[in-house]
Amino acid sequence: AETQFDYLIGALGVVIVLEVTRRTVGLPLTLLAGAFLLYAYFGAFFPDWLFPHRGYSLDRIVAQTFLHSQGVFGIALKVMFSYVFLFVVFGALLEATGAIQFIIGLTRRLFRGSPGGASKVAVLASGLMGSLSGSAVANAATTGTFTIPLMRSSGFPAHIAAGITAAASSGGALVPPVMGAGAYMMLEIIDPPVTYLQIIKAAILPAVLYYLALFLIVHFYSRRVGAKVEPEETISEYRFRYEGVVFFGALGSLIVFLIQRFSVFRAVSLAIGVVLVLSLFHPRTRIGLKQGLQAVVGAARGGIALICASACVGIILGLS
């Protein structure tokens, strides 16, 4: 029972979704959604042997993509707000405790004296961070600010350093227990239904192979270009830090809650509680009001691209 005013608002909503996706995610996804919109309207003009389609009216396109529950406000956005965004908050709070500095310090000590050690730090640090953030954007923004300058100082060209960071950060969507939005889409789409623990088990081997391949790529590239070895004196003497307790406590508690067959929402909510409790026992990890606000702002910024992408994917799903 939509009115013409409803269709007007819906059409405006579709345009806004496409524009914010272009600004935050990039042009490819926007063009893909635009192609689906064009095909839905002009499909009747294509030959039947090529792309048979009777074509939709503009009102139907707007209704299916924005006004009804199978489009922008459909399963993709539901998954984003039911699962993924909570993990973004989880990663932001973990960053506020200083766990990122612990990860980078640990990996630098592991690869000291190794050719191209800076690139290996980027790979392993992004993998560890990605296991608890599930967001490539947040992963690159947190670890990349340190690892990219480190790689450049070792002799890597700027575009190679950026490419390694992007590849390593994107792989975080494969690393259990958090993974990316694809894992949670499976929970909603796959029939017969599967549990999140089954998805985690299936993701372990691809994640290991992905990071092993990336590690070998940067190792052989470093030897080929003669990347510098990071001087020992630039690496502070490593000692076990309480930030490691927070990181591994968060990782372990999340895995335990999932094994106990808690829902994903409850498991990550309890894991956030564990992070907050563990952070109280040391002044370096304690999250005060300022750090808490920064974490919330960081989660909002990290979630913008994911939310916009999910809304744009909803346009595609609504027309499929």
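Only a predicted model underlies this, so the values are computations on that prediction, with no experimental measurement involved. (Residues numbered from 1 in each chain as written. Predicted model: local features only at pLDDT ≥ 70, side-chain atom pairs only at ≥ 80, totals over all residues. Heavy atoms only, no water.)

S.K.: What is the right way to read the overall build of the protein from this model?
M.R.: Each helix and strand counted, the protein has 13 helices and zero strands in total. Along the chain direction, N to C, the helices and strands of the protein fall in the order α-α-α-α-α-α-α-α-α-α-α-α-α. Projected onto the principal axes, the alpha-carbon positions of the protein cover approximately 70 × 45 × 40 Å. The buried share of the protein, taken over its 320 residues, is 46%. In the protein, the share of contacts with a sequence separation of at least 24, taken over all contacts with a separation of at least 6, comes to 74%. (Helix = DSSP H or I, 4+ residues; strand = E, 2+ residues; numbered from the N terminus. Buried < 20%, exposed > 50% of the residue type's maximum accessible area, 1.4 Å probe, protein only. Contact = heavy atoms within 4.5 Å.)

S.K.: What is the right way to read the packing of helix α11 (residues 242–259) against helix α12 (residues 264–279) from this model?
M.R.: Packed helix pairs are characterised by how far apart their axes lie and by the angle those axes make with each other. It is the contact of α11 with α12, at a shortest axis distance of 9 Å, that shows an interaxial angle of 155°. Taken together, the axes of α11 and α12 lie roughly antiparallel to each other. Handedness of the crossing formed by α11 with α12: right-handed. For the pair α11 and α12, the contacting residues are Y242, V245, V246, G249, A250, S253, L254, F257 and L258 in the first and V264, A267, V268, L270, A271, V274, V275, L278 and S279 in the second. Among the residues forming the contact of α11 with α12, the class breakdown is 15 nonpolar, three polar and no charged. (Axes fitted to C-alpha atoms, helices over the stretch in contact; angles between N-to-C directions. Parallel < 35°, antiparallel > 145°, perpendicular 65-115°, else oblique. Left-handed = near helix turned anticlockwise from the far one by under 90°. Nonpolar A, V, L, I, M, F, W, Y, C, P; charged D, E, K, R; others polar.)

S.K.: How should the environment of P193 be read in this particular structure?
M.R.: If you trace the backbone, P193 turns up in the loop between α9 (181–189) and α10 (196–225). Assessed through its relative accessible area of 65%, P193 is described here as exposed. Sequence spacing of P193 and S119 is 74 residues, and the spatial spacing of their C-alpha atoms is 40 Å.

S.K.: What exactly am I supposed to notice about helix α4 (residues 75–96) here?
M.R.: Note that an α-helix has 3.6 residues per turn; residues three or four places apart therefore point the same way. In this model α4 runs 31 Å from its N-terminal to its C-terminal C-alpha over 22 residues, within 8% of the 32 Å that 1.5 Å per residue would give. Residue F81 marks the point of greatest curvature in α4, where the axis turns by about 40°. In the stretch just after α4, G98 is the one whose phi turns positive, near 95°. (Expected span 1.5 Å × (residues − 1). Bend = angle between axes of the 7 residues up to and from the residue.)

S.K.: Can you walk me through the side chain of T285 in this structure?
M.R.: With respect to the helices, strands and loops of the structure, T285 is situated in the loop between α12 and α13 (289–319). Classification of T285 as buried rests on a relative accessible area of 0%. Separated by 3.0 Å, the side chain of T285 and the backbone oxygen of S279 make a polar contact. When near neighbours in sequence (up to four residues on either side) are disregarded, T285 contacts T97, Y242, E243, V246, L278 and S279. (Polar contact = N/O pair within 3.5 Å; in protein donor to acceptor, adjacent residues only side chain to side chain.)

S.K.: Can you help me understand the nonpolar core in this one?
M.R.: Side chains that are nonpolar tend, in soluble globular proteins, to be buried together. Counting residues in hydrophobic clusters, the biggest one holds 49 residues, and the most contacted among them are F90, L132, Y184, Y196 and L254. At the level of elements, α4, α5 (99–110), α6 (117–133), α9, α10, α11, α12 and α13 are the ones that each hand at least two residues to this core. Looking at this core, the element that brings in the most residues is α4, giving 11 residues. Beyond its immediate sequence surroundings of up to four residues, F90 is in contact with L132, A250, L254, V268, A271, I272 and V275. Counting 17 residues, the second-largest nonpolar core is a separate cluster that includes A33, I61, C312 and L319. (Core = buried A, V, L, I, M, F, W, Y, C linked by side-chain atoms within 4.5 Å.)

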